Amino acid sequence: MPGLALLALLLLQTIVRVFSISNGDSLNHQVITERAILNVTVQVCRAVALAEGKDFTFPPQPFTSTTVAAACEAPKSATSFRKAINHIQKENKRIDTRRLFSPPYHFDDERFAEGKKLIKDGLEAIKAANKRQDIFSARETLGGILHTLQDFYSHSNWVEMGNKLPNSNLIRAGKSIGKIAGKCSHGNSFDKTRKTEPRGGINKDSFTSNHGHLHNEAARLAVAATSELLEDIRGAAGDRQFLQMMGINKESSKALCFVVDTTGSMGDDIAAVRAVTSSIIDRKVGTDDEPSSYILVPFSDPGFGPLMKTTDPKVFKNHIDSLAPSGGGDAAKLSLSGLQLALIGAPPNSEIFLFTDAPAKDAYLRNTVIALIERTKSVVNFMITNVLGFRRRRQADKYQQQQSRRMARSDTQLYRDLAQASGGQAIEVTKDQLLEATSIIQESSSSSLVTLLQVSRSPGKAENFPFTVDESVRNLTIYITGRSVNFTLIDPSGVPQSSTNTSGSSIITSQSVGNFQTLRLQTKAGVWEMRMVSTNPYSLKVVGESPIDFLFDFLKESQGPLGGFNLVDNRATAGGNGSLMVTLTGSDSATVTEVTLVESSGSGQVNGSVEAQGGGEFFVRFDRIPSAEFVILVKGQNNNSASIASSGIFQRQSTISLNASTLTVTAEDSDIILEPGTPRSVHFSVMTSGAGGTFTIQAANDQGFNLTFPSSVSLDTGGSANGTVNLTAPLNTPSGTGVTLTIEATAPGAADTNYAVLRLTVLPTVIDFTQPECQLLSLQSNCSDNCSQSMWELFVQVTDGAEGTGVNRISLREGNGILNTSMAAGSKNITLVSYTGSCCSPDVQLVVVDEVGNVGTCRFSVRTNVTLAQTTISPPDPTTTDVPSLSTRLVQSVLLCLGITVLGFRLSS
């Protein structure tokens, strides 16, 4: 018994180590996921390059997000690629924090059928989301099902059975995963069967697990299985959409997003939007800073939307040209409803510009909008015209005029607060100044823009703000918003320039319009200082272009049996200690030396202790999380720096401002699928570490679906309460529609608030599980020794079967000839394909996708004038192998269980 107790303790320590920030030599889910993503992305980029007739050079091993982005000819995508990987890894890890004791999510307790269903449903949702270009939902779902898929190779005896290839039927709907040997213990301290014969277990989560000697083999199969699943998603989405899901774009990863008031008074403003749009498109199309997509959301009163999204700049121009201002008068508008729709529909980390000349009629959405800003880390700039009284309402007497002015200040303050929360600007100009003011859009849409410093003071006060500029920074710019703001700028050599004289050597240009001023600076490495001497309210932002930036996620200590840390989905806990994971992007040699939480509107700050984790990750501990709004300031050392002046020191700041809370809101997300016409209940809980009382509940979704929820819950001091939101999607909702559900809890007196955000996918029940098939009709060639002078031609018939949903898309993965498709006469489910190409390109691979995302691949070759036509290659179907007798399986089971050594990439029991 003492020996078993010691073993249990060692196993517990092993799992805690896997949960911890440093994972040792074992391969955990995060490592497996990243390796597969990097490998598949390289192959996709290679295929795209070859299809364009270009050479492709593989990056050096080991691959990193930076080197892969460079090999894909998209170096500016290194940060967005890293963000995509982090997002998928985070959702993978979240399965352990939310589903630790749910066997199907980990292929535990022989719950194989349920585990496979989770993967099947997730794949359907990912393919539907990609079809609608909802990459955020696709990534979120992908991370979760990868955890389940990877656990199969650690928790089943697939490896012990001698299999050397992944079980492809795990990702194939309608296929059996085959016969797996009989019951074996899992083998950690929470396994109730570990002390019964046969003792031990087969989990392979780490080298010190029961079957740790098979850890590397199981991890290798998990990487291969992850790659196989990614290839299936790639086939359904197409190469370019797959790269977009991974954040790889040869153009900018940022979308250009306009939210525009279309009421009658906005005619001049809309004309300015048209002019700015044309200017941006003309300047950026074909460059590295071409927007990845274009988004437009109109709003007025009483309506808003729909969201219009396209990757075609000409189509976007047509959308803008179609805006027709009408109605509305001087009344408030649904500006926040339009902004909410944009925040949900735009890619994460987007920059959004809202144009209006009226206050918000839906100010009650303030907290919901801030929650979405915090979650998506998007920047919102407000372009406000006719700000004086917001259309200067005429009042009957002096008292009413004073009341109107106070209301106008309150209305504009809402926009200022939202701009500050997102790291954007609230620019107040007259209508004839708007075109000049919107020139900011052309500068801030750069994909490599980073924030060095941002502060806001209301009321203003004299204060000095130093900031460090490193040699990687280009196009250094200062933005100032506020009326009659005075300052003195001191460059690294000590030379001052004042707001009354901006013609010195440090300031290249200075431009003022309305309450907005822009200073473009000579980029000099070293410490600068901005001395604000104004008592008027102001905001100050220092930006530049640089590849070096950072990502962050808050962590909290797990209260579960395995210890370690969980990711914080919403706001961190105010007042208590906390932790942060910082990931550097854009440099494989830079390190973080300081991380500070700085209050946005004051001088308070909390310094953290930094621990390097390797791979550009740094774990930071804080003894206190500020109760006031704050930003994250990161300083570090660029070890590739050759500058003596800066010594390689850099600083970066989070763009958005963050809030902590004494509330915790969690929502059940066991099923991401929302079936049209079927009510869905989402259970949530609210917990407070502060005073009790009646807490207001508000739930909303971006699709306008019917929902019901309790208006309030009662909590005791330090207590918790539960509630349910019921949501129904209409029967005619298009498949793949993403739904963002926000559940918000507000403390008595609106003193505190927190939220939970769930993303669901509307998906009707899928009954088509059959892959499309190819049938060769003819192959002709005149290939000779001089391939450049000879051609070959291929004719193929493609069908999705009699009961299939039909062929959606046919594309080339290999071959650079000419592909043509047409529907067969008299048939809705047969497509005729012709291919003509040079004999110098003797191989062709067709990728055929049906309407629900089933993927078939067909290969043909003219190398020896022999055709190889086949659907996706897979390992032998385990359902067709000989099934051993019951007695044989029992003996095998006992022998396997007595092996007592396993693999450790799982983060759960």
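A.B. asks: Explain the overall build of the protein here, please?
C.D. replies: Along the protein, the regular secondary structure elements total 17 helices and 40 strands. Split into buried and exposed, the 909 residues of the protein put 56% on the buried side. Considering only contacts in the protein between residues 6 or more positions apart, those separated by 24 or more positions represent 74%.

A.B. asks: Explain the packing of helix α11 (residues 335–345) against helix α12 (residues 366–376) to me, please; I cannot follow it from the model alone.
C.D. replies: Two quantities define a packed helix pair, namely the angle between the helix axes and the distance between the axes. Relative orientation of the contacting elements α11 and α12 amounts to 20 degrees, with a least axis distance of 10 Å. It follows that α11 is roughly parallel to α12 by the angle criterion. Crossing of α11 over α12 shows left-handed handedness. Contacts between α11 and α12 involve Leu336, Leu339, Gln340, Leu343 and Ile344 on the former and, on the latter, Arg366, Thr368, Val369, Leu372, Ile373 and Thr376. Of the residues that constitute the contact of α11 with α12, the class distribution is 7 nonpolar, 3 polar and 1 charged.

A.B. asks: Is there a simple way to think about the state of the cysteines in this case?
C.D. replies: By definition, a disulfide links two cysteine residues through a covalent bond between their sulfur atoms. All chains considered together, the criterion is met by 4 disulfides. A sulfur-sulfur separation of 2.0 Å characterises the disulfide bridge that pairs cysteine 787 with cysteine 840. On the sign convention where negative means left-handed, the S-S torsion of about 90 degrees between cysteine 787 and cysteine 840 marks this disulfide as right-handed. With a gap of 53 residues between them, cysteine 787 in the loop between β34 (773–781) and β35 (791–799) and cysteine 840 in the loop between β38 (830–838) and β39 (843–850) connect regions that are remote in the sequence. Look at cysteine 840 and you get partly exposed, because its relative accessible area is 40%.

A.B. asks: Can you help me understand the sheet that holds strand β40 (residues 855–861) in this one?
C.D. replies: Two strands in a sheet stick together by hydrogen bonds in their backbones, pointing the same way (parallel) or opposite ways (antiparallel). Reading across from one edge, β36-β39-β40 is the order of the 3 strands in this open sheet, with antiparallel pairing throughout. Edge positions in the open sheet fall to β36 (807–814) and β40, since each of these has one partner strand only. Strand-to-strand twist in this sheet, taken as the mean axis angle between neighbours without regard to direction, amounts to 20 degrees. Bridging between β36 and β39 involves 6 bridges; their strand directions are antiparallel. Bridge pairing links glutamate 814 to glutamine 845 in β39. On top of the sheet, helix α7 (residues 215–237) reaches β36, β39 and β40; it is set at about 115 degrees to β36, its chief contact.

A.B. asks: What exactly am I supposed to notice about the nonpolar core here?
C.D. replies: As a rule of thumb, nonpolar side chains are buried together in soluble globular proteins. Of all hydrophobic cores here, the largest spans 57 residues; its most connected members are Leu142, Tyr153, Leu229, Phe242 and Met246. Secondary structure elements with two or more residues in this core: α2 (29–51), α3 (65–71), α4 (78–98), α5 (112–131), α6 (135–155), α7 and α8 (239–245). In contact with methionine 246, not counting residues within four places along its chain, are Ile37, Thr41, Ser80, Phe81, Ala84, Ile88, Arg139, Leu142 and Leu230. With 55 residues, the next largest nonpolar core counts Ile295, Val380, Ile384 and Ile548 among its residues.

A.B. asks: I tried to follow the packing of aromatic side chains on my own but got confused; where do I start?
C.D. replies: A ring pair, where both rings are aromatic, is described by two values, the distance of the centres and the angle of the planes. Going through the model one piece at a time under the given rule, you end up with 17 aromatic pairs. Geometrically, the ring pair formed by tryptophan 792 and tyrosine 835 is edge-to-face, given 5.7 Å between the ring centres and 65 degrees between the ring planes. Residue tryptophan 792 is found in strand β35, and its partner tyrosine 835 is found in strand β38; the two are separated by 43 residues along the sequence. Grouping residues by exposure puts tryptophan 792 and tyrosine 835 together as buried. Sitting over the ring of phenylalanine 552, lysine 377 keeps its end group 4.8 Å from the ring centre.

A.B. asks: How should the sheet that holds strand β14 (residues 526–532) be read in this particular structure?
C.D. replies: Read across the sheet, 4 strands follow the order β8-β14-β10-β11 without closing on themselves; strand pairing throughout is antiparallel. Strand pairing shows two members of the sheet lacking a second neighbour, β8 (463–469) and β11 (496–498), which therefore form its edges. For this sheet, the mean inter-axis angle between neighbouring strands, taken without regard to orientation, is 20 degrees. Sheet analysis places β8 next to β14, joined by 7 bridges and oriented antiparallel. If you follow proline 466 over to β14, its bridge partner there is glutamate 529.

A.B. asks: Sorry, what's going on with the pairing of strand β23 (residues 630–637) here?
C.D. replies: Residues in a regular strand project their side chains so that they alternate between the two faces of the sheet. For β23, a buried count of 6 out of 8 residues is recorded, marking the element as mostly surrounded by other parts of the structure. Across 8 bridges, strand β19 (residues 591–599) lies against β23 in antiparallel orientation. Note on β23: the bridge partner recorded for threonine 591 is glutamine 637. In the sheet, β23 pairs with strand β24 (residues 649–653) via 5 bridges, with the strands oriented antiparallel. When the bridges of β24 are listed, leucine 633 appears paired with glutamine 653.

A.B. asks: What exactly am I supposed to notice about the pattern of salt bridges here?
C.D. replies: Opposite charge on two side chains lets them pair, provided their charged atoms get close. All told, the structure shown has 34 salt bridges when counted by the stated rule. In this structure, aspartate 134 engages arginine 759 in a salt bridge whose closest nitrogen and oxygen atoms are separated by 2.8 Å. Residue aspartate 134 is found in the loop between α5 and α6, and its partner arginine 759 is found in strand β33 (residues 753–762); the two are separated by 625 residues along the sequence. The exposure classification of aspartate 134 matches that of arginine 759, with both residues buried. With a closest N to O distance of 3.1 Å, aspartate 301 and lysine 361 form a salt bridge. Taken as a pair, aspartate 301 in the loop between β2 (293–299) and β3 (308–310) and lysine 361 in the loop between β4 (351–356) and α12 lie far apart in primary sequence, 60 residues in all. Judged by its relative accessible area of 49%, lysine 361 is partly exposed.

A.B. asks: Help me understand the environment of asparagine 349 in this model?
C.D. replies: For asparagine 349, the location among the structural elements is in the loop between α11 and β4. Taking relative accessible area as the criterion, asparagine 349 reaches 26% and is therefore assigned partly exposed.

A.B. asks: Honestly, the confidence of the model for the protein in this entry has me stumped. Any pointers?
C.D. replies: Where the model shows low pLDDT, its predicted coordinates should not be examined in detail. Of all residues in the protein, 84% attain a pLDDT of 70 or more, and the chain-wide mean is 82. Counted against residues more than four places away or in other chains, residues 1–24, with its pLDDT under 50, gives 42 contacts. Long-range and interchain partners of residues 865–909, a stretch whose pLDDT sits below 50, account for 159 contacts in this model, where long-range means more than four residues apart.

A.B. asks: Explain unusual backbone geometry to me, please; I cannot follow it from the model alone.
C.D. replies: Outside of glycine, negative phi angles account for most residues, and trans bonds account for most peptide bonds. The amide bond that connects glutamine 61 to the next residue, proline 62, takes the cis arrangement and shows omega of -10 degrees. Looking at the element boundaries, proline 62 is found in the loop between α2 and α3. For the bond running from glycine 305 to proline 306, omega is 5 degrees, close enough to zero to count as cis. Take proline 306: it is sitting in the loop between β2 and β3. For glutamate 73, which is not glycine, the phi torsion reads 60 degrees and is therefore positive. Mapping glutamate 73 onto the fold places it in the loop between α3 and α4. The backbone of asparagine 475 shows a phi angle near 50 degrees, a positive value even though the residue is not glycine. Tracing the backbone through its elements, the reader meets asparagine 475 in strand β9 (residues 474–481).

A.B. asks: Sorry, what's going on with the packing of α2 against α6 here?
C.D. replies: Two elements in contact, α2 and α6, have axes whose closest approach is 11 Å; the angle formed by their N-to-C orientations is 105 degrees. Comparing their axes, α6 and α2 come out roughly perpendicular. For the pair formed by α2 and α6, the contact residues are His29, Ile32 and Thr33 on the first element and Leu146, His147, Gln150 and Asp151 on the second. For the contact of α2 with α6, the class distribution of residues is 2 nonpolar, 4 polar and 1 charged.

A.B. asks: I keep staring at the environment of glycine 303 and nothing clicks. Help me out?
C.D. replies: The residue glycine 303 is located in the loop between β2 and β3 in this model. The class of glycine 303 is partly exposed, set by a relative accessible area of 27%. Sequence spacing of glycine 303 and leucine 334 is 31 residues, and the spatial spacing of their C-alpha atoms is 7.0 Å.

A.B. asks: I keep staring at helix α10 (residues 313–321) and nothing clicks. Help me out?
C.D. replies: Along an α-helix, residues three or four positions apart point the same way, because every turn accommodates 3.6 residues. When α10 is considered as a whole, its buried residues turn out to be Pro313, Phe316 and Ile320. End-on, the buried residues of α10 take up no more than an arc of 55 degrees, which puts them together on one face. Counted as exposed and oriented over 90 degrees from the buried face of α10: Lys314 and Asn318. For α10, the secondary structure elements touched by its buried residues are β1 (255–261), α9 (267–284), β2 and β3. Of the residues flanking the start of α10, the one acting as N-cap is aspartate 312, its side-chain oxygen 2.9 Å from the backbone nitrogen of lysine 314.

A.B. asks: Before we go on, may I ask you to explain the environment of isoleucine 95 in this structure?
C.D. replies: Residue placement: isoleucine 95 occurs in helix α4. Taking relative accessible area as the criterion, isoleucine 95 reaches 10% and is therefore assigned buried. Taking the C-alpha atoms as reference points, isoleucine 95 and leucine 146, 51 residues apart in sequence, are found 9.7 Å from one another.

Reading the values: rules and limits
Residues numbered from 1 in each chain as written. Predicted model: local features only at pLDDT ≥ 70, side-chain atom pairs only at ≥ 80, totals over all residues. Heavy atoms only, no water. Helix = DSSP H or I, 4+ residues; strand = E, 2+ residues; numbered from the N terminus. Buried < 20%, exposed > 50% of the residue type's maximum accessible area, 1.4 Å probe, protein only. Contact = heavy atoms within 4.5 Å. Axes fitted to C-alpha atoms, helices over the stretch in contact; angles between N-to-C directions. Parallel < 35°, antiparallel > 145°, perpendicular 65-115°, else oblique. Left-handed = near helix turned anticlockwise from the far one by under 90°. Nonpolar A, V, L, I, M, F, W, Y, C, P; charged D, E, K, R; others polar. Disulfide = S-S within 2.5 Å. Pairing = 2+ DSSP bridges. Core = buried A, V, L, I, M, F, W, Y, C linked by side-chain atoms within 4.5 Å. Phe/Tyr/Trp six-rings, centres within 6.5 Å; stacked < 30°, edge-to-face > 60°. Lys NZ or Arg CZ within 6 Å of the ring centre and 35° of its normal. Salt bridge = Lys/Arg side-chain N within 4 Å of Asp/Glu carboxyl O. pLDDT = per-residue confidence, 0-100. Arc of directions from axis to C-beta. Polar contact = N/O pair within 3.5 Å; in protein donor to acceptor, adjacent residues only side chain to side chain.

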